[in-house]
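Listed below, chain by chain, are the residues.
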Amino acid sequence: MYTNTKSCKALIALLAGIAMSILPALGNAQGYSGPYKFGVPATSADIAALNIDVMPDGRGLPKGSGNYETGKTVYTAKCLACHGPDLGGIGATGGAALIGGRGSLTSGKPKKTVESYWPYASTVFDFVKRAMPFNAPGSLSDDEVYAVTAYILGEANIFDRKATLDATSLPKIKMPNADGFIADARPDVFNYE
Amino acid sequence: MSSKKAKKLSNQDYDEATRNQIEGMIKAEAKAIASRKGAVEAEECECKDGMFPSGPVRSDVTSRRQFLAATATGATALMVGSAAQAAAPPGAMDYPVQEDPTKVQGRLTNDDGGYGSRSQFETEVRWRFPTATKESSWTMTPLDAGEGIVTPSGLHFERHHGGIPNINPATHSLTVHGMVDGARKYSMEDLKRFPSVSRFHFIECSGNGLTEWREPTLKTVQGTHGLTSTTEWTGVPLSTILREVGVQDGAAWILAEGSDAAVMTRSVPIDKAWDDAMLVYAQNGEALRPEQGYPLRLLLPGFEGNTHIKWLRRLEISDKPFMTREETSKYTDLLSSGKARQFSFTMEAKSVITFPSGEMKLPRAGFYEISGLAWSGRGVIKRVEVSVDGGNSWQLAELQSPVMPVCHTRFRFPWHWDGKPAILQSRCQDETGYVQPTIKQLVDARGLGGGKYGSIYHLNGIQSWAVAADGGVSNVHKY
């Protein structure tokens, strides 16, 4: 009995040892047998070059500032051609309406704009910085992004046209539809048998 | 009935942009249909009566006849390179057709340069939704011409938000940072060294079928359901990378970011990353196609298509979602209450009959094999039922094996058409027990307050195809 148990234990230890030595080398499609340590550490410079996102609480907002007046100049030069002089959008260009539509979300014919639908001011900054203007995405300076954000939110009567938009003031903006979003409630139809 | 009341609204009740889009896509589809029909009629073939997926559908039949004539008189000049390509349908080369291929040698081995192309007689293509720009647009997979469950890589539907970037894999990298023990940067070579997995999964755009909420709008299954495709994807489990970098306590979301002009971003719950998410670099046995994210794409099985970030350059681990444009102003589902559902990731169970389907024509009464696709973002399709009487009675369809989770499943059902008007429907059930609902049930649950397109996203209702006495098949709503 004892001998058997002992030899069993020895066999298990041997097999485990073999498994330990083989598995990391073979890998396992479903599990994880690392660490492999492939790749290289990402330096702070690597990350800074890519890390452009801005969160609702203001994390990620860069230095700089802008206001309604400077934003109007930027908008006129770089945004108006697609989004229109009244920020109402130009269908043929694909430029969306940016303002208007407040109160339309329950009308059956909703007009979804930054003013009526977007829940966070940070999203305006983030999207303009990463993807606008359409013909030269990512070309605006941080000051220009602050400025054009201030202009759009000023025209939407959300942000004071005399105030300065920066990393401190932007996260404090409460958008009209901030509470307009709910969790996914699906499945919402039940035909279970 | 809210849906009946809603149908009274005409297109004129909507804003100009919406009207233009509806009219534009009807026109775009009509153009695609016309080119197919024109080709069939010009051929004067047996298939003149329709069922166009089996018939020649090319619009440049004249050039083919010229080839035939030229070959007959022995005056054929071998067309090579761009000239042959220009005359051929997309993805094909135009080669001379021998009058009797048993009497002359065929074309030279490997003369195609070592990468094959489809026959010049096969012409199905994606067609594009007529959005204002061609950079932010989408194309539909021709499901009506498809066989089996795999979508040819070149026919996979597309959705781009800033065009298709052309990326050199030698200089592409993925940076993983945020709430991790050690931020890391991976080259494509690094990623390909990790243990890999291959899995068959569908990707479906959550906007698939958006035109069909209120009334039957597009005519073909390519138009109504063409924003879904299935591929064998190969890559690294995302969980492997998370273990490599060491995820910190409190991490709950991952921002995935693409290297396109939209610098496309979505926040993904980290549970999905631990579960079955993949970083894929191959599709159907070869590298990803550029329009599918070459060289690297995030794959989130069962999640709406836009979250499968293409041209992936960065993953940032965080405690909260980032609330990017694509998860706030877009890809949220506005209900009649004025509230919008957010982070509605899962593609629920859905099926559609692809043969026969809209704009086909059955030549005569008799036997037809009804065939279609079923899929669910929640797992395996357990069964598919078919109705040939508008949902009054249902019968089990046969499922083609293998039936894989979160993957197109082919179903087939033998049908003897008596020549009388019929309405064909399919409905599926997945492994959770969920049964595909009717469009009416979805409208009752969500309302049409979102506008012309209802809540736009996540329409997975039962599709109805009406077969008329003359054999013509059309898109109808039948509950």
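Asks: I'd like a rundown of the environment of Ser136 of chain B, residues and numbers included.
Replies: You can see Ser136 of chain B is positioned in the loop between β1 (127-128) and β2 (137-140). Aside from chain neighbours lying at most four places away, what touches Ser136 of chain B is Phe134 of chain A together with Thr131, Arg159, His160 and His161 of chain B. In this structure the side chain of Ser136 of chain B is engaged in a polar contact, spanning 3.4 Å, whose partner is the side chain of Arg159 of chain B.

Asks: Explain the sheet that holds strand β17 (residues 366-375) of chain B to me, and be specific about the residues and the numbers.
Replies: In a beta sheet, neighbouring strands are held together by backbone hydrogen bonds and run either parallel or antiparallel to one another. Residue and element names in this part refer to chain B. Here 4 strands make up an open sheet; going across it, the order is β16-β17-β21-β20 and the pairing antiparallel. Sheet topology places β16 (350-355) and β20 (398-399) at the edges, where each strand pairs with a single neighbour. With 5 bridges joining them, β16 and β17 adopt antiparallel strand pairing. Within the sheet, the bridge partner assigned to Phe355 lies in β17 and is Ser371.

Asks: If you had to explain the interface of chain B and chain A to someone new, which residues and values would you point to?
Replies: The interface of chain B with chain A comprises 79 residues on the first partner and 58 residues on the second. Here chain B and chain A share an interface that buries about 5600 Å² over both sides, 56% of which is from carbon and sulfur atoms. In this structure, Asp319 of chain B engages Arg59 of chain A in a salt bridge whose closest nitrogen and oxygen atoms are separated by 3.0 Å. The interface formed by chain B and chain A contains 26 residue pairs in polar contact (both at pLDDT 80 or more). The pairing of strand β4 (residues 181-183) of chain A with strand β15 (residues 340-342) of chain B spans 3 bridges and is classified as parallel. Residue pairing across strands places Ala183 of chain A opposite Gln342 of chain B, the latter belonging to β15 of chain B.

Asks: I'd like a rundown of the packing of helix α3 (residues 68-78) of chain A against helix α6 (residues 142-155) of chain A, residues and numbers included.
Replies: Residue and element names in this part refer to chain A. Packing of α3 against α6 brings their axes to within 7 Å, and their N-to-C directions diverge by 100°. In terms of orientation, α3 and α6 fall into the roughly perpendicular class. Contacts between α3 and α6 involve Tyr68, Thr70, Gly71, Lys72, Val74, Tyr75 and Lys78 from the former and Glu144, Ala147, Val148, Ala150, Tyr151, Gly154 and Glu155 from the latter. In terms of residue class, the contact of α3 with α6 is built from 7 nonpolar, 3 polar and 4 charged.

Asks: Explain the state of the cysteines to me, and be specific about the residues and the numbers.
Replies: What makes a disulfide is a covalent bond joining the sulfur atoms belonging to two cysteines. All names here are of chain A. Counting across every chain of the model gives 0 disulfides over all chains. No disulfide involves Cys79; its sulfur sits 9.0 Å from the nearest other cysteine sulfur, which is in Cys82. A residue is classified by how much of its surface remains accessible, and Cys79, at 15% relative accessible area, is buried. With a relative accessible area of 28%, Cys82 lands in the partly exposed category.

Asks: Got a sec to walk through the sheet that holds strand β18 (residues 381-387) of chain B? Specific residues and values, please.
Replies: Residue and element names in this part refer to chain B. Pairing in this open sheet of 5 strands is antiparallel, and the strands run β19-β18-β22-β23-β24 from one edge to the other. Unpaired on one side and paired on the other, β19 (395-396) and β24 (473-476) mark the two borders of the sheet. Bridge analysis of β18 against strand β22 (residues 422-430) gives 6 bridges, and the strand direction is antiparallel. Directly across from Val384, in β22, lies its bridge partner Cys428.

The rules behind these values
- Residues numbered from 1 in each chain as written.
- Chains lettered and ligands numbered in written order.
- Predicted model: local features only at pLDDT ≥ 70, side-chain atom pairs only at ≥ 80, totals over all residues.
- Heavy atoms only, no water.
- Helix = DSSP H or I, 4+ residues; strand = E, 2+ residues; numbered from the N terminus.
- Contact = heavy atoms within 4.5 Å.
- Polar contact = N/O pair within 3.5 Å; in protein donor to acceptor, adjacent residues only side chain to side chain.
- Pairing = 2+ DSSP bridges.
- Buried area = accessible area lost by both parts, 1.4 Å probe.
- Salt bridge = Lys/Arg side-chain N within 4 Å of Asp/Glu carboxyl O.
- Axes fitted to C-alpha atoms, helices over the stretch in contact; angles between N-to-C directions.
- Parallel < 35°, antiparallel > 145°, perpendicular 65-115°, else oblique.
- Nonpolar A, V, L, I, M, F, W, Y, C, P; charged D, E, K, R; others polar.
- Disulfide = S-S within 2.5 Å.
- Buried < 20%, exposed > 50% of the residue type's maximum accessible area, 1.4 Å probe, protein only.

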